[in-house]
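Listed below, chain by chain, are the residues.
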Amino acid sequence: MKKAMMVTTKSCFISVVVPCFNEEKNILGLTRLLIHEIQKYRDYEILFVEDGSRDQSIKTVKSLAFENRRIGYVQFSRNFGHQVALKAGLDHARGDCVITMDADMQHDPKYIHELIRVWREEGVDVVYTVRDDSGKRTLKTFFSSVFYRIINGVTSKPVYAGAADFRLLDRRVVDELRKISEHHLFLRGLIPWMGFRQKAIPIIVGERAAGESKYSAAKMVRLALSGITSFSIAPLRLALLLGGFFAFLSFLYGGYALWVWLFTEQAVPGWTSIIASILFLSGIQMMLTGIVGEYVGKTFEQVKQRPGYIIKEKNIPQGDR
Ligand code: UDP
Ligand code: MG
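Residues numbered from 1 in each chain as written. Chains lettered and ligands numbered in written order. Predicted model: local features only at pLDDT ≥ 70, side-chain atom pairs only at ≥ 80, totals over all residues. Heavy atoms only, no water.

(A) Layout of the coordination of the magnesium ion (ligand 2). Distances from the magnesium ion (ligand 2) to its protein donors, Asp104 (OD) and Gln106 (OE1), fall at 1.9 Å. Judged by relative accessible area, Gln106 falls into the partly exposed class, the value being 23%. (Donors = N, O, S within 2.8 Å, 3.2 Å for Na, K, Ca; no water. Buried < 20%, exposed > 50% of the residue type's maximum accessible area, 1.4 Å probe, protein only.)

As structure tokens, this is what we get:
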């Protein structure tokens, strides 16, 4: 309550961060809608993070920044990925709160009003949106629900199903996030982990306005794996459990073989079973090595201490703040 009163009486500066990768057809339309929605709040800035697009996205962004001093951009030297682009946006935004959203108009700017209202009036630090897709069943929603089930089964902090990267973060949360230099970012897991007061609002996610989804099946699998291995060591334990289970099975089978050899006449060399078990066990072993490799790889990338992204050019709004 104290905070709500505090914020409503002082002017609040709102940053909107929009990562763009090959979004030349969407940027203008989105900016128009966005400005219409946000100019009610006197102080705002829009920050595009241009993630190494191969189309004319950067040209469009630069011309917008030229026309409107509240619009700025960060241009990456190459494509670093959506999550990293979001991080760069948070690193550069100056607002009392920062709203992140997609460039393809799947995140309708009309919800911004509600995000800001909940933040100002209810004193919530993280207002995130949850896709209300009851009734909509596609292959993508199916795999996404499987993923959320798995990740919630293996992590201690919940990762909300259908939570999008369309959310509002209070300055306090942004400052804490900026200190985190994790290489494999998975904000949908990291932000619930951070605590503070968090609240969800349901939204309808529309169709992408133009262009194609940048999340290919391979990219989604990568994000899902990264999400799971960033937040849990359960898969490593799975390796241990499976190893123990199969050691136990082979012990039983060994006992049985010994019994056959000692007490029966049927001790025929079991070629088939040997081949079958070798194949099966080597398959399991490879899978487990893969799981370990996933974590070793992450550790490797983290210890190299490379920056999460490289900026080619930037133009951050300098307006009155
Ligand atoms: N994006 C990005 N870098 C990437 C992939 C995506 O900055 O490597 C941006 C993209 O331009 C969009 C947002 O991230 O603004 C979400 O991507 P997309 O709409 O393709 O994902 P989907 O909605 O299909 O899950
Ligand atoms: Mg999209």
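(B) Structural context of the packing of aromatic side chains. Under the definition given, this model contains two aromatic pairs. Each ring, one from Phe76 and one from Tyr309, has its centre 5.1 Å from the other, and the planes form 20°; the classification is stacked. Here the residue Phe76 occupies a position in strand E3 (residues 71–76), and Tyr309 occupies one in the loop between helix H11 (271–303) and strand E8 (311–315), the gap between them amounting to 233 residues. Exposure remark for Tyr309: the relative accessible area of 16% places this residue in the buried category. An aromatic cluster of three or more residues is present, and its members are Phe76, Phe80 and Tyr309. In this arrangement the basic side chain of Arg70 is found over the ring face of Tyr44, its NZ or CZ atom lying 5.1 Å from the centre. (Phe/Tyr/Trp six-rings, centres within 6.5 Å; stacked < 30°, edge-to-face > 60°. Helix = DSSP H or I, 4+ residues; strand = E, 2+ residues; numbered from the N terminus. Lys NZ or Arg CZ within 6 Å of the ring centre and 35° of its normal.)

(C) Here's a closer look at the nonpolar core. Judged by nonpolar contacts, the single largest core of 38 residues is most densely connected at Ile14, Val18, Phe48, Ile99 and Phe166. If we skip the residues at most four places from it in the chain, Ile99 touches Ile14, Ser15, Val16, Val17, Ile112, Leu115, Ile116, Phe166, Arg167 and Leu168. Listed in part, the 28 residues of the second largest apolar core include Val49, Ala93, Val173 and Ile316. (Core = buried A, V, L, I, M, F, W, Y, C linked by side-chain atoms within 4.5 Å. Contact = heavy atoms within 4.5 Å.)

(D) Geometry of the site of ligand 1. Around ligand 1, the structure places 18 residues, and the nearest of them are Glu23, Asp51, Asp104, Ser213 and Lys214. In the model, a nitrogen atom of ligand 1 is placed 3.4 Å from a nitrogen or oxygen of the His82 main chain. The backbone of Ala103 places a nitrogen or oxygen atom 2.8 Å from an oxygen atom of ligand 1. Protein burial of ligand 1: of its 530 Å² of free accessible surface, 92% is covered by the chains. Of the residues assigned to the shell around ligand 1, the class counts are five nonpolar, five polar and eight charged. (Near = heavy atom within 4 Å. Polar contact = N/O pair within 3.5 Å; in protein donor to acceptor, adjacent residues only side chain to side chain. Areas by Shrake-Rupley, 256 points an atom, 1.4 Å probe, with all protein chains shown as cover. Nonpolar A, V, L, I, M, F, W, Y, C, P; charged D, E, K, R; others polar.)

(E) Quick peek at the pattern of salt bridges. Summed over the entire model, instances satisfying the criterion amount to 15 salt bridges. The residue Lys62 makes a salt bridge to Glu313 at a minimum N-O spacing of 3.2 Å. Taken together, the positions of Lys62 in helix H3 (residues 57–67) and Glu313 in strand E8 put the pair 251 residues apart, joining distant regions of the chain. The partly exposed category is assigned to Lys62, whose relative accessible area is 32%. Exposure remark for Glu313: the relative accessible area of 31% places this residue in the partly exposed category. We note a salt bridge from Glu176 to Lys179, for which the minimum N-O separation is 3.1 Å. (Salt bridge = Lys/Arg side-chain N within 4 Å of Asp/Glu carboxyl O.)

(F) Structural view of the packing of helix H6 (residues 139–154) against helix H9 (residues 217–231). Across the interface, H6 lies against H9 with an axial gap of 10 Å and an inter-helix angle of 15°. In this view, H6 runs roughly parallel relative to H9, as classed from their interaxial angle. Classified by chirality, the crossing of H9 by H6 is right-handed. Along its contact with H6, which presents Lys140, Phe147, Ile150, Ile151 and Val154, the element H9 presents Met220, Ala224, Gly227 and Ile228. Here the contact of H6 with H9 is built from residues that sort into seven nonpolar, one polar and one charged. (Axes fitted to C-alpha atoms, helices over the stretch in contact; angles between N-to-C directions. Parallel < 35°, antiparallel > 145°, perpendicular 65-115°, else oblique. Left-handed = near helix turned anticlockwise from the far one by under 90°.)

(G) Representation of unusual backbone geometry in the model. The phi torsion at Asn22 lies on the positive side, around 55°, for a residue other than glycine. Following the sequence through the fold, Asn22 ends up in the loop between strand E1 (13–20) and helix H2 (24–38). The backbone of Phe196 sits at a positive phi, close to 65°, despite the residue not being glycine. The topology assignment puts Phe196 in the loop between helix H8 (187–194) and strand E7 (198–203).

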